[in-house]
Amino acid sequence: MRVFTDDTGTPRSTPMLDEHGHPVYNPEAEAARDELIEKLCAMPPIMSALDALLEHFGHDNVAEVTGRTKRLITTCDGRQKLESRSARTSQAEAAAFMAGRKRMLVFSDAGGTGRSYHASLDVVNQEQRVHLLLEPGWRADRAIQGLGRTHRTHQATTPLFRPVTTDCKGELRFTSTIARRLDSLGALTRGQRQTGGQGLFDPADNLESEYACAALLSWFDLLATGKLSSTTLDDFQHRTGLELVDKDGVLKDEMPPIQRWLNRILALPIALQNSIFEEFLALIETRVSAARDAGRLDVGVETILVDQATLVDDVVLRTDPLTGATSHLLTIEIARRRNPVSLERILRIADGDASAIFMVNRKSGKSALRTRARALMEEKEGTPIPRVEMMRPTRNEYMREDDLYESSWEEVDRENFSITWAAEVETTSQIVDSETIRLATGLLLPIWSALPSDHLAVNRIVDGEGQSWLGRLVFDDHVPQLFTKLGIDPADALPADAVVKAVAAGRSIDISRPFPLTIKRSIVNGSARVELVGCPVDRLPWLKSIGCFTEVIQYRTRVFVPTASVEAILAQILSRSD
């Protein structure tokens, strides 16, 4: 290129030509180009995912239902030949998979239109499908449509969905779009967001949720104060073209939306992408964990699988005057057997994770597999908080590394871990947990404000016989308050033990039978007591006859229930009709 100066004094460049008008090429650039071509041609070709699957497993074992009309296949003698395909070929391949003659099925957008690949009760192949979502692309609606091909009604088993991504964090942008679209389907599935999302994504996977938007603002603040290790404010603005500060160097009031921020991140080098995403995901995980611990995390419908469920009581909370639709509070006794993770499975997990460490608690003798978990982050200082995941036979726990070092967990070898884990599995597999739960079901919208606000999850109880109940869990200490808000006397519908639990949790209960009074927990001389407030004077002898006692405090007679017999005395009060 030849550099010259125009009329305004600005240096510009133009292609250099020789005396005959032919362009002049840079010999160093030509040599670099030829060297690069030689190097690329010497490297092995990168196969597409479809061809790699066919070559690895063989076209006799993989059913291909795509839109391509020709493909190269490898014959038994190692030679390749060109095979022509038609629409009828795809139908035969799909039939072979549903009949069980081919164990694997690969289908694309073009091959998934109008077809069903679920474990139908009408086909031979009723094995559980493991649906690997590969290269979902930008069209979330097409990905959702593809997921629906393997999950339909009249099926023997539900599929397992497995999104496949590489180590490039930028790919989370694509799966996030699908997660957001699946969450938005809740309005179309009668509030059962698991019907749309299939429970496929964790709330932290949705990079466009309210938690992600709030985390992005925290990320901008940490970036402006120079507390991030991944990049600086000037470098980030230069690389992405986003203007985050005004002329005075102060963050703008209107920051870029998260969609634009995510798109600009994709243009950065891979290492820088991963560093920024690690910090961003840590901020999201911090907010999601806080919401989950507080019971405010809305995760749609959670299915509770139990071995046996018995309906004990059904209380009508409200009847709609126009439609006659009813709201109910169900009391259900459930029993479920613990299903611990087998030793073989946990060892496979340990072998596939380089960060896995075998642990045993020296006090309790329990075992756990320690793996690295996504870190949290201090929102003010930007300091990462390392965490570990402790995989137990019946549950998973998250611990901060500092708390782990101060605990009784210690590393052991594989043999001792295997002995401890196998013994714990054998013990826990024989335990059956029984409990009584209460479920608000039916027409919930009119009574939604009366339901407890600190537990928003919607649950579906499914027993071994296929019976199911859908609604919101109501804990014992919330039941009296719910009845009071709906104008129902707790004495008419609550057993004494439920009243005791509610009072122990610090809630006051107003009853009108056998006479108006309030049952609450009071602190007298530093000790907690159960007090009956508002008792009529003429009923004091009867209350004292069943075990209550009185004290005159500040010239006022107060009635208390002995702690040792509180449940029996309250049962007598609630059962009396006059």
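Everything that follows concerns the structure shown earlier in this document.
Every chain is numbered independently, its residues counted from 1 as its sequence is written. Where totals are concerned, whole chains, interfaces and linings use all residues; where local detail is concerned, this predicted model gives features only for residues with pLDDT of at least 70, and gives and counts side-chain atom pairs only at 80 or more. Values reported for side chains reflect all heavy atoms of the structure, with hydrogen atoms and water molecules removed beforehand.

Some words on the pattern of salt bridges
Once the charged atoms of two side chains with opposite charge are near each other, the side chains can pair.
And then number 1: By convention in these notes, a salt bridge is any Lys or Arg side-chain nitrogen within 4 Å of a carboxyl oxygen on Asp or Glu. On inspection of all chains with the given rule, the structure shows 22 salt bridges.
And then number 2: The partner of Arg-392 in a salt bridge is Glu-397, and the shortest N-O contact between them spans 3.4 Å.
And then number 3: Note on Arg-392: relative accessible area 10%, which makes it buried.
And then number 4: Exposed residues in this analysis have more than 50% of their type's maximum accessible area, buried residues have under 20%, and partly exposed residues fall in between, with area computed by a 1.4 Å probe over protein chains only. Taking relative accessible area as the criterion, Glu-397 reaches 23% and is therefore assigned partly exposed.

Observations concerning unusual backbone geometry
With the exception of glycine, most residues fall at negative phi, and the peptide bonds are largely trans.
And then number 1: One non-glycine residue, His-154, adopts positive backbone phi at about 60°.
And then number 2: Working definition: helices are DSSP H or I runs of at least four residues, strands are E runs of at least two. Numbering for both runs from the N terminus. Here His-154 lies in the loop between α4 (140-147) and β8 (160-164).
And then number 3: For His-154, a relative accessible area of 44% corresponds to the partly exposed category.
And then number 4: Positioned with a positive phi, Gln-554 is a non-glycine residue whose angle comes to about 55°.
And then number 5: For Gln-554, the position within the fold is in the loop between β23 (549-553) and β24 (556-561).

Quick notes on the nonpolar core
And then number 1: For the purposes of this section, nonpolar cores are sets of buried Ala, Val, Leu, Ile, Met, Phe, Trp, Tyr and Cys residues that join through side-chain atoms within 4.5 Å. Judged by nonpolar contacts, the single largest core of 32 residues is most densely connected at Trp-219, Phe-236, Leu-244, Trp-261, Ile-276, Phe-280 and Ile-284.
And then number 2: Every element with two or more residues in this core is listed here: α7 (210-224), α8 (233-240), α9 (258-265) and α10 (270-294).
And then number 3: With ten residues, α10 is the single largest residue contributor to this core.
And then number 4: Note on definitions: a residue-residue contact is assigned when non-hydrogen atoms from the two residues lie within 4.5 Å. If near-sequence neighbours (up to four positions away) are discounted, Leu-244 is found in contact with Phe-220, Leu-223, Leu-233, Phe-236, Gln-237, Val-250, Leu-251, Lys-252, Met-255 and Pro-256.
And then number 5: Counting 23 residues, the second largest nonpolar core, distinct from the first, contains Ala-502, Leu-517, Leu-570 and Leu-574.

Focus: the side chain of Asp-463
And then number 1: Within the fold, Asp-463 resides in the loop between β18 (458-462) and β19 (468-473).
And then number 2: Buried and without a salt bridge, Asp-463 has Arg-460 as its closest oppositely charged side chain, separated by 11 Å.
And then number 3: Pairs of N or O atoms are called polar contacts if they sit within 3.5 Å, as long as, within protein, a hydrogen donor faces a hydrogen acceptor (for residues adjacent in sequence, only side-chain-to-side-chain pairs). At 2.7 Å, the side chain of Asp-463 forms a polar contact with the backbone nitrogen of Gln-467. The charge count treats Lys and Arg as positive and Asp and Glu as negative. His and the chain ends do not count.

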